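Overview (structure and organization)
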Amino acid sequence: MSDENPRTAGSASDRAQVHLGTALAGQVESLELRNRKLGRAGVEAAQQVLVDRYRLATPADGFGLLRGASQRFNIKLHTLADLVVRIAGPDEGAVQWFPRRPRVAAPALPGLGVPAEERSSHGAVLQAALRRVLHITETGMGNVQLAEHRMLRLEKHTGLNRQFTDFFAFVQDSTTACAQAARQRQQVTVKDVEAADIFDEDSRQAILQAGSRAAHSLPLISRAGQVIGLISSHHEHPLSGFSRPQLTALASTGAAVGGWLHWHRQTAVLDALEHLHATAGTAR
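The text that follows walks through the structure, step by step, so that each part is easy to find.

Calculation criteria
Residues numbered from 1 in each chain as written. Predicted model: local features only at pLDDT ≥ 70, side-chain atom pairs only at ≥ 80, totals over all residues. Heavy atoms only, no water. Helix = DSSP H or I, 4+ residues; strand = E, 2+ residues; numbered from the N terminus. Buried < 20%, exposed > 50% of the residue type's maximum accessible area, 1.4 Å probe, protein only. Contact = heavy atoms within 4.5 Å. Areas by Shrake-Rupley, 256 points an atom, 1.4 Å probe, with all protein chains shown as cover. Phe/Tyr/Trp six-rings, centres within 6.5 Å; stacked < 30°, edge-to-face > 60°. Pairing = 2+ DSSP bridges. Axes fitted to C-alpha atoms, helices over the stretch in contact; angles between N-to-C directions.

When helices and strands are counted, the chain shows 8 helices and 6 strands. Secondary structure elements of the chain, listed N to C terminal, follow the sequence α-α-α-α-β-β-α-β-α-β-α-β-β-α. Residues counted as buried form 45% of the 284 residues belonging to the chain. Across the chain, the fraction of contacts at a sequence separation of at least 24, relative to all contacts at a separation of at least 6, is 63%. Carbon and sulfur atoms provide 51% of the accessible area of the chain, an area that totals close to 15,200 Å².

What follows is the structure in structure tokens.
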């Protein structure tokens, strides 16, 4: 019979639970701070570019230009900010930012089942692409990331918990399957997350706690060979691999969605930037 004092044991257990809860709360707060910082960084950089380019009075004026174009064209603010920073600005005094820009129809999206009226919708296409990849890989967990500001940014997800999505909201290093797939520009399968040496321990634990024991990352590649994003599937049990028809279907989906994303950036996103430029010109 144990001589342990139940009250003392209970108090120790309570203290352990409090300590664990405090540690988890600290991790959540740290991730939230990191995500807010990274989420603001690209927009703040774009604001400063606009201040310098258009001789605006304050960074808030730059934010107003970004927000106005974002709302009018239904383009994510961070997407516009990324291109403001990355692409060459308009010629000095030019009325148009992108003169003589060719207009082409949206490329086909075979197998995605996107309704005709939604084929120019960024959100609808990414959701359909995620659904298609999860159908091919036979799972209900997955996410879409886009390449922005030299990072991978989480854009869509399903079946994954808050701890996972907070942890992988931004991926900056190479200790994940998605980052390696982006760098290698090829599909990467992790058959057993617990045993794979591709992850650092923090990334591994963030994946395991979400119930994922295997993962597959598919790069979304433009016709020019640029990786624009990734779609990853997550699986409840270790994998033995995918069949050749599955890998071929995934590659076809990655190429189609990558081509569509490139088209979207060259049409809808540039339309939004052209509007921003015109608005800035009339405001001066």
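Within this structure, the stated rule accounts for 4 aromatic pairs. Here the aromatic rings of Phe164 and Phe168 are separated by 4.7 Å at their centres, their planes lie at 45°, and the arrangement is tilted. Look at Phe164 and you get buried, because its relative accessible area is 3%. Taking the relative accessible area as the measure of exposure, Phe168 reaches 6% and is therefore buried. Summarising the aromatic geometry, the rings of Phe167 and Phe168 are spaced 4.8 Å apart at their centres and angled 70° between planes, so their arrangement reads as edge-to-face. For the pair formed by Phe167 and Phe168, the shared burial category is buried. Grouping aromatic residues by their ring pairs yields a cluster made of Phe164, Phe167 and Phe168.

This brings us to the side chain of Asn35. Summarising the element assignment, Asn35 is placed in helix α1 (residues 6-54). The residues contacting Asn35, other than those within four sequence positions of it, are Asp166, Ala169 and Phe170.

Pairing within the open sheet is antiparallel, and its 6 strands lie in the order β3-β2-β1-β6-β5-β4. The open sheet has two edge strands, β3 (170-171) and β4 (188-190), and neither has a second partner. Looking at chain direction, β4 and strand β5 (residues 214-221) are connected through 3 bridges and run antiparallel. By the bridge assignment for β5, Val188 is matched with Ser217. This element, helix α4 (residues 122-137), spans β1 (141-148), β2 (151-158), β5 and β6 (227-235) of the sheet and lies at about 75° to β2.

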